[in-house]
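Close look at the chain arrangement
Take a look at the letters that make up each chain.
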Amino acid sequence: MGGLGVPRLTDVNDALLFKWAFRFRNEADTLWKKIVSCCHKARFRYYFLPCNSNVGGVWKTIVSTIDGLKSEGRPVVFNLKAEIGNGDLVRFWLDTWLCDDPLYLLFPNLYEMETKKFCSVSDRLCRVGQQWVIIRNHFVSPMTLICDQEFTVMEQKIGLLSSDRNTDRWRWTEGGNKDFNIQAIKCLLQKNTDSQQTDFVLKWVNWVPSKCNIMVWRAEMGRLAVKTELIKRNIHVGTLHCHMCEWGNDSVVHLFTACPVAQEVWSAIGSWCRIRPIIAFEVKDLLQIFKEVEGTNWGKVVVHGIIVIACWYIWRARNENVFQEKKSTGRIVIANIKRMSFFWCKHRSKFKDLSWDNWLEFPLYMLF
Ligand SMILES: [Zn+2]
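Residues numbered from 1 in each chain as written. Predicted model: local features only at pLDDT ≥ 70, side-chain atom pairs only at ≥ 80, totals over all residues.

A short note on the environment of I135
What counts is decided by this rule: Numbering of helices and strands starts at the N terminus; helices are DSSP runs of H or I of at least 4 residues and strands are runs of E of at least 2. Counts of 20 or more other C-beta atoms within 10 Å of a residue's own C-beta define buried residues, counts of 12 or fewer define exposed ones, and intermediate counts define partly exposed ones; C-beta atoms are placed from the backbone.
Following the sequence through the fold, I135 ends up in the loop between β5 (131–134) and α7 (145–159). Accessibility expressed as a C-beta count within 10 Å gives 11 for I135, which makes it exposed. As a C-alpha pair, I135 and L125 span ten residues in sequence and 5.4 Å in three-dimensional space.

Printed below as a string of structure tokens:
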């Protein structure tokens, strides 16, 4: 808010865009919704709204803007909470429905074991009258102690859930106000703009070689020589497909966030560094993860460095695929990240006595 009490235009615009999210999830089969669903046949995946990332245009921009909106580091979409009817259109782990946050945040160890990360509530629960029960054979057994504890808490919460409706409905929950209105979103975004000004920004990591820092900086600006960028500059590249998975396009966003290789890497890094599961929609999200690391500044610096190195090795794997036809798997990339981050941290930071075994176990062990 400026000195004259006038809201920033981008906040107003974002708030208006957000209304699309609310309308899409809540409205019955209206014509506009049918058209969008038809053009973006990809089911709900990591985005809050269905979006086929190979189809460009206005809808894709709306979807990625909505998903990227944050207030004090928390995605604004988390404030849309589903009341479960049949559970078909609510994502079990990624949407907010049972508690005030999505289950992937509340039960990270169970989520880590989930093979279908964007499954729906009806994929994992079965309705008996007005109550819901967990379909147990979807949860791997035997479970570790921590998973077992998470499962017990989750089961108790689900036991308390009751539905008297047949279709899913979405409510706006922020500030105890159940009615969705643009004003509420504007205020929320405004809070974010105000707090951002004092936010701690960390970009360059000294213990990581410059080549990695520079590559990530270029990735953030969308200036890497991926095929979708080359074609914009009239450089003929043949098919646009990603070499690592062959279902997405060779774009910066796909490569670092949606590609299965990247997702395998982020999932492993999240649990290795013991931070919440990493879900990124753009490179910018990856570069903000360090903010969630609690404790000393060094914890943030180490995690941020590991993220930068991970981007570097994903990029290398992509280049080896394109230029040397070498198939890299997520496992190889993860092994490289762990090995080289150890090497660099030991030789380029103040932690000269790092032990490899402890590093492999938990890369922030020296701070505790
Ligand atoms: Zn891919």
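Details of the nonpolar core
The criterion, for reference: A set of buried Ala, Val, Leu, Ile, Met, Phe, Trp, Tyr and Cys residues, joined through C-beta atoms within 7 Å, is what we mean by a nonpolar core. A pair of residues counts as a contact when their C-beta atoms, built from backbone coordinates, are separated by no more than 7 Å.
F256, V265, A310, C311 and I314 are the most contacted members of the largest nonpolar core, which has 50 residues in total. Counting only elements with at least two residues in this core, the list comes to α9 (210–220), α11 (252–258), α12 (260–272), α13 (283–286), α14 (297–324) and α15 (330–348). Here C311 is in contact with M215, V216, A219, F256 and L286, once residues within four sequence places are set aside. The next biggest cluster of nonpolar side chains, apart from the first, holds 34 residues, and it includes F48, L94, L125 and W132.

What to know about α14
Here is the rule we go by: One less than the residue count of a helix, multiplied by 1.5 Å, gives the span that helix is expected to have.
Along its 28 residues, α14 runs 40 Å from first to last C-alpha, staying within 8% of the 40 Å computed at 1.5 Å per residue. Where α14 terminates, the next one or two residues include E325, which has phi positive at roughly 50°.

Describing the domain arrangement of the protein chain
Under the convention used in this document: An automatic or database domain assignment is the source of the domain bounds shown.
As assigned here, the protein chain comprises domain 1 (1–76 + 174–199), domain 2 (85–167) and domain 3 (210–367). Taken together, the contact between domain 1 and domain 3 spans seven residues of the former and eight residues of the latter.

Considering unusual backbone geometry
With a phi close to 55°, R274 is a non-glycine residue in the positive phi region. Located in the positive-phi region is E325, a residue other than glycine, with phi close to 50°. Examined against the element boundaries, E325 turns out to sit in the loop between α14 and α15. With 8 C-beta atoms packed within 10 Å, E325 lands in the exposed category.

What to know about the environment of A28
Along the chain, A28 falls in the loop between α1 (9–26) and α2 (31–39). We classify A28 as exposed; it has 6 C-beta atoms within 10 Å. Taking the C-alpha atoms as reference points, A28 and T167, 139 residues apart in sequence, are found 9.7 Å from one another.

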